[in-house]
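Breakdown of the fold
For reference, the chains in residue letters:
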Protein chains: 2
Amino acid sequence: MASTHIFSAYDDDLKFLSRRISEMGGLAEQMVGESVRALVNGDTALAQKVISDDVILDHAEREIGDKAIVTIARRQPMASDLREIMGSIRIAADLERVGDLGKNTAKRVIAVQSTGVPRKLARGLEHLSELALVQLKEVLDVYTNRSADKANAIRERDNEIDAMYTSLFRELLTYMMEDPRNITSCTHLLFCAKNIERIGDHATNIAETIFYMTTGAQPEGDRPKDDSANTVGAVTE
Amino acid sequence: MASTHIFSAYDDDLKFLSRRISEMGGLAEQMVGESVRALVNGDTALAQKVISDDVILDHAEREIGDKAIVTIARRQPMASDLREIMGSIRIAADLERVGDLGKNTAKRVIAVQSTGVPRKLARGLEHLSELALVQLKEVLDVYTNRSADKANAIRERDNEIDAMYTSLFRELLTYMMEDPRNITSCTHLLFCAKNIERIGDHATNIAETIFYMTTGAQPEGDRPKDDSANTVGAVTE
């Protein structure tokens, strides 16, 4: 009886971690979507909401870290459970960073608001964030299902986001060159585009962590990267 | 005898972690210094070295994480030792990010090289990186001495880096507005300045982790931030 009790308490600890991670993922997705919406619409109230929400993610990351450590110290888990718990810490850190990137975009809404975001650039930013959000959503689904194969497939797809970022980077430079009055706001939009591009990198990190959690191995081969192919040098991480 | 043996093996584990973190810190500092030197001098060979060195930091972070977890699982440490070990994981992650930021600056050397970096901007970037490196060096010293008071003092000083970044941000915008031919290279320099500014944030994170490791408490009050004070809106993290 006692051992069943311990076993199920342990199981509860693991469930707690994965539930909290899914919640963090949902909030991080929402913050990213809202930050881009606030930017495109010049909606400072929505931007302020994103900035406030970030505290919730920070708190959740800390809570997951504390719970993970207490679980390791108390239950002395076997190798695969240990990977599971360590993976939680890593994924929580990546999601916390995604929230920070959303917050950073939200902080730029005021700086950009006075000039507004030209329609074509707005569409570009929205498209980029859609790609990043699909990537994030899929990796969170893979986390729920623990599929190593699918984790690897997501990792391959970050190139699409990088290519879209490069094209947006070029377009922003063109706007700046056409009219110096665009320079300040376009600079902020460049940082926003970079923030969104980096969300793809965090989704890739999470995919790699899930691969490690389920297989105990690091994914094979380098992460696909293609920095040198573009002539303007829109350097991705 | 047996318990002495276990105790000293445990002590060795902790020493291993702190030695590896100090080594990571030394390499991260070196990479940041070299990346700015490469940028200012258009030295692509040095930039390439920084890019290659990043693999060493990535490897060290993984090694520290693995060692930390094995130590927790094997020795079931008490609260203060647990904080020490957890702190190692966090600090290693921050130092790995500092290396990434150095690498990202190094990657931009080629894009900037054709136009070169104007003397005044070069001095600004060097000054910013000196501030960030002092911050990083001091926080690594505090890590060696485990002083909670000093950790808190470092945390206060990030504002100086933010102010310097804001002034550099303004200057870069001015260069772009004066001559559209500066736009591409100045955009890369903006990202480089941002990379350096963020090193200060990681030093602040490390200071907070050390405070937590030594006291078991989070530092009091919000992190000092002053984003709204500047009119160009050089948004810091």
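That block above? That's the structure.
All chains use their own residue numbering, which begins from 1 and follows the written sequence. Working convention: letters from A go to chains and numbers from 1 go to ligands, in the order in which they are written. In keeping with the predicted nature of the model, local features appear solely for residues at pLDDT of at least 70, side-chain atom pairs appear and are counted solely at 80 or more, and the whole-chain, interface and lining totals rest on all residues. Calculated side-chain values reflect all of the structure's heavy atoms, with hydrogen atoms and water omitted.

1. A closer look at helix α6 (residues 148-156) of chain B
Residue and element names in this part refer to chain B.
- For α6, every residue scored as buried is listed here: A148, A151, I154 and R155. Looking straight down α6, one finds its buried side chains confined to an arc of 115 degrees; they lie on one side. Projecting away from the buried face of α6 at angles above 90 degrees are the exposed residues D149 and K150. Residue exposure (1.4 Å probe, protein chains only): buried if accessible area is under 20% of the type maximum, exposed if over 50%, otherwise partly exposed. The secondary structure listing takes helices from DSSP runs of H or I that are at least 4 residues long and strands from runs of E that are at least 2 residues long, numbered from the N terminus. As used here, the arc is the angular range of directions from the helix axis to the C-beta atoms.

2. Details of the nonpolar core
- We call a set of buried Ala, Val, Leu, Ile, Met, Phe, Trp, Tyr and Cys residues a nonpolar core when their side-chain atoms join them within 4.5 Å. Counting 154 residues, the largest nonpolar core has A:L95, A:V139, B:L95 and B:V139 as the members making the most contacts within it.
- In this structure B:V139 touches B:I154, B:A203, B:I206, B:A207 and B:I210, once residues within four positions along its chain are discounted. Contacts were defined at the residue level, with two residues in contact if any of their heavy atoms lie within 4.5 Å.

3. Concerning the relation of the copies chain B and chain A
- The copies were overlaid by least squares, fitting only the C-alpha atoms of residues that reach a pLDDT of 70 or more in each copy. Each copy superposes on the other: chain B lies on chain A with an RMSD of 0.0 Å after a rotation of 180 degrees and an axial shift of 0.0 Å. Given the turn and translation reported, the copies of this chain are related as if by a two-fold rotation axis. Every residue of chain B has its C-alpha some distance from the rotation axis, and the shortest such distance is that of B:A73, at 3.1 Å.
- A symmetric contact is evident, with 100% of the interface residues of chain B recurring at the interface of chain A.

4. Some words on the packing of helix α3 (residues 79-107) of chain B against helix α8 (residues 183-215) of chain B
Residues and elements named next belong to chain B.
- A fitted line through C-alpha atoms represents every axis, and for helices the fit uses only the stretch in contact; the resulting angles, taken between N-to-C directions, go from 0 to 180 degrees. Close contact between α3 and α8 brings their axes to 9 Å; oriented N to C, the two are set at 175 degrees. When the axes of α3 and α8 are compared, the pair comes out roughly antiparallel.
- Following the grouping adopted for this structure description, the nonpolar residues are Ala, Val, Leu, Ile, Met, Phe, Trp, Tyr, Cys and Pro, the charged ones are Asp, Glu, Lys and Arg, and the polar ones are all others, Gly among them. Residues belonging to the contact of α3 with α8 are distributed by class as follows: ten nonpolar, nine polar and six charged. Here roughly perpendicular refers to angles of 65 to 115 degrees, roughly parallel to angles under 35, roughly antiparallel to angles over 145, and oblique to all remaining angles.

5. Structural notes on unusual backbone geometry
Residues and elements named next belong to chain A.
- Despite not being glycine, R146 has its phi angle at roughly 50 degrees, a positive value.
- Structurally, the position occupied by R146 is in the loop between α5 (119-145) and α6 (148-156).
- Its relative accessible area of 25% is what places R146 among the partly exposed residues.

6. Digging into the pattern of salt bridges
- Salt bridge, as used here, is a side-chain nitrogen of Lys or Arg placed within 4 Å of a carboxyl oxygen of Asp or Glu. According to the stated counting rule, one finds 29 salt bridges over all chains in the structure shown.
- Among the ionic pairs, A:E84 bridges to A:R146, the shortest N-O distance being 2.3 Å. Linking A:E84 in helix α3 (residues 79-107) with A:R146 in the loop between α5 and α6, this pair joins segments that are 62 residues apart in sequence.
- On the basis of relative accessible area, A:E84 is assigned to the buried category, the value being 16%.
- For B:D11, the salt bridge goes to B:K15, with nearest N and O atoms at 3.9 Å. With B:D11 and B:K15 both in helix α1 (residues 2-41) and four residues apart, this pair spans about one turn of that helix.

7. Regarding the interface of chain B and chain A
- Taken together, the contacts link 38 residues of chain B with 38 residues of chain A.
- For any pair of parts, buried area is found by adding up, for both, the accessible area (1.4 Å probe) each one loses once the two are put together. Taking both partners together, chain B and chain A bury about 3500 Å²; carbon and sulfur atoms supply 60% of that area.
- Looking only at chain B, the three residues that lose the most surface to chain A are B:I69, B:F191 and B:V235, adding up to 15% of its buried area.
- At the surface where chain B touches chain A, the tally comes to zero salt bridges.
- Of all the secondary-structure elements, those providing two or more residues to the side of chain B that touches chain A are α2 (44-75), α3, α7 (158-178) and α8 of chain B.
- The element that contributes the greatest number of residues to the side of chain B that touches chain A is α8(B), accounting for nine residues.
- Among the residues forming the side of chain B that touches chain A, the class breakdown is 18 nonpolar, eight polar and twelve charged.

8. Quick notes on the packing of aromatic side chains
- Only Phe, Tyr and Trp rings are paired, with Trp represented by its six-membered ring, and only when their centres lie within 6.5 Å; those with planes under 30 degrees apart are stacked, over 60 edge-to-face, the remainder tilted. Inspection of the entire model under this criterion finds three aromatic pairs over all chains.
- Measuring from ring centre to ring centre gives 4.8 Å for A:F191 and B:F191, while their planes differ by 55 degrees; the resulting arrangement is tilted. Note that A:F191 is positioned in helix α8 (residues 183-215) and B:F191 in helix α8, a pairing that runs across two chains. Each member of the pair, A:F191 as well as B:F191, is classed as buried.
- Between B:Y165 and B:F169, the ring centres sit 6.0 Å apart and the planes meet at 55 degrees, which makes this aromatic pair tilted. Here B:F169 and B:Y165 lie together in helix α7, a separation of four residues that amounts to about one turn.
- Its relative accessible area of 0% is what places B:Y165 among the buried residues.
- Over the ring of B:Y143 we find B:R146, and its NZ or CZ is 4.3 Å from the ring centre. Cation placement over rings: the criterion is NZ of Lys or CZ of Arg within 6 Å of the ring centroid and within 35° of the ring normal.

Keep in mind these numbers describe shape, not what the thing actually does.
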